[in-house]
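Here is how the chains run, residue by residue.
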Amino acid sequence: MASTVQIPLVGGAADGETVTVELDSNGRPPLTHHHLGSKGLAEAQIYELESDDQPGREWVYAWRGPAV
């Protein structure tokens, strides 16, 4: 079974929410997260993985803009 981690979303429409993602074989989460809006992909927002220096939080997904 793959390991998972919860990563907070920073900025954009989903600011403050947290997503659970699977870690790859090297223990790293996906480089991007597409957060779907109420209309699905038509309102998706792109978040990009960044390291974080807050204690107990290794990564965050930072908002980069709309997917379309």
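In what follows, the accompanying structure is described. Residue numbers run consecutively from 1 along every chain, following the written order of its sequence. Given that the model is predicted, a residue must reach a pLDDT of at least 70 before its local features are reported, and side-chain atom pairs must reach 80 or more before they are shown or counted; all residues, however, enter totals for whole chains, interfaces and linings. To get the side-chain values, all heavy atoms of the structure are used, and hydrogens and water are removed first.

**Points about the nonpolar core**
Inclusion rule: Remark: nonpolar core denotes a set of buried residues (Ala, Val, Leu, Ile, Met, Phe, Trp, Tyr, Cys) joined through side-chain atoms within 4.5 Å. Only protein chains enter the accessibility calculation, which uses a 1.4 Å probe; a residue is then buried when its area is under 20% of its type maximum, exposed when over 50%, and partly exposed in between. By definition, any uninterrupted DSSP run of H or I lasting at least four residues is a helix, any uninterrupted run of E lasting at least two residues is a strand, and each is numbered from the N terminus. The contact definition used throughout considers only heavy atoms, calling two residues in contact when any of these lie within 4.5 Å.
Listed in full, the nine residues of the largest apolar core are I7, L9, A14, V19, V21, Y47, L49, W59 and Y61. Only β1 (4–10), β2 (18–22), β4 (40–51) and β5 (59–66) provide two or more residues apiece to this core. In this structure, W59 is in contact with V5, I7, P8, L23, G27, R28, P29, L49, E50, S51 and D52, ignoring residues within four places of it in sequence.

**Topic: the pattern of salt bridges**
Put simply, the rule reads: A pairing counts as a salt bridge when a side-chain nitrogen of Lys or Arg comes within 4 Å of a carboxyl oxygen of Asp or Glu.
In the structure shown here, the tally under the stated rule is three salt bridges. Close ionic contact of E50 with R64 constitutes a salt bridge, the shortest N to O distance being 2.3 Å. Residue E50 is found in strand β4, and its partner R64 is found in strand β5; the two are separated by 14 residues along the sequence. Close ionic contact of D52 with R57 constitutes a salt bridge, the shortest N to O distance being 2.5 Å.

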